[in-house]
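Fold and contact review
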Amino acid sequence: VKVLFRKAVVSTQSTGAFADSKLFGELYTRHNDQNKLIAAICASPIALNQHKINRGRRITCYPALAIRLDGNYKYSSDPVVVDGNMITSRGPGTAFAYGMTLLEQLKGKEVRDRVAKDMLYSS
């Protein structure tokens with residue numbers, strides 16, 4: 001788990017730990033209320049639903065877990081979805097695109113493009 005308290009909340013992989021955590025619920029809510037970035041990949045978007053974060057927006061997650069969004073979001077099969085202050089991604093195979101999107105949101109397109117080039121990544 002990586003948490004950037006000043007600019008973003010970034011969560012990875014857990015279906016239960018974040019969804020069941022009052023602390024993460026408060027952190028998600030506080031960041032969302034301040035329009036700070038919230039990013040979740042793989043199973044962790046399920047926690048956004050559990051804590052009622054930005055329901056009604058576009059979202060993605062690990063495909064087999066989409067049912068656990070309970071119809072509260074506009075599910076997308078895109079590898080990475082950005083909707084307002086929220087970035088979500090599907091899973092391990094989309095992690096690099098997710099990371100590049102997160103970098104762009106935090107540091108800008110120029111930094112993202114430079115890092116992508118240095119890492120031989122093309123999107």
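Remember, predicted model here, so these are calculated numbers, not experimental data.

1. Let's talk about the side chain of Asn49
- Topologically, Asn49 is positioned in helix 2 (residues 45-50).
- For Asn49, a relative accessible area of 3% gives the class buried.
- Among the polar contacts made by the side chain of Asn49, one reaches the main-chain carbonyl oxygen of Arg68 at a distance of 3.1 Å.
- Ignoring any residue separated from it by four or fewer positions in sequence, one finds Asn49 in contact with Arg55, Arg68, Leu69, Asp70, Asn72 and Tyr73.

2. Some words on the packing of aromatic side chains
- Taken as a whole and assessed by the stated rule, the structure comprises two aromatic pairs.
- Between Phe96 and Tyr121, the aromatic rings sit 4.6 Å apart at their centres with planes inclined by 40°, giving tilted as the arrangement. Linking Phe96 in helix 3 (residues 95-107) with Tyr121 in the segment after helix 4 (109-118), this pair joins segments that are 25 residues apart in sequence.
- Residue classification places Tyr121 among the partly exposed positions, given a relative accessible area of 23%.

What counts as what
- Residues numbered from 1 in each chain as written.
- Predicted model: local features only at pLDDT ≥ 70, side-chain atom pairs only at ≥ 80, totals over all residues.
- Heavy atoms only, no water.
- Helix = DSSP H or I, 4+ residues; strand = E, 2+ residues; numbered from the N terminus.
- Buried < 20%, exposed > 50% of the residue type's maximum accessible area, 1.4 Å probe, protein only.
- Polar contact = N/O pair within 3.5 Å; in protein donor to acceptor, adjacent residues only side chain to side chain.
- Contact = heavy atoms within 4.5 Å.
- Phe/Tyr/Trp six-rings, centres within 6.5 Å; stacked < 30°, edge-to-face > 60°.

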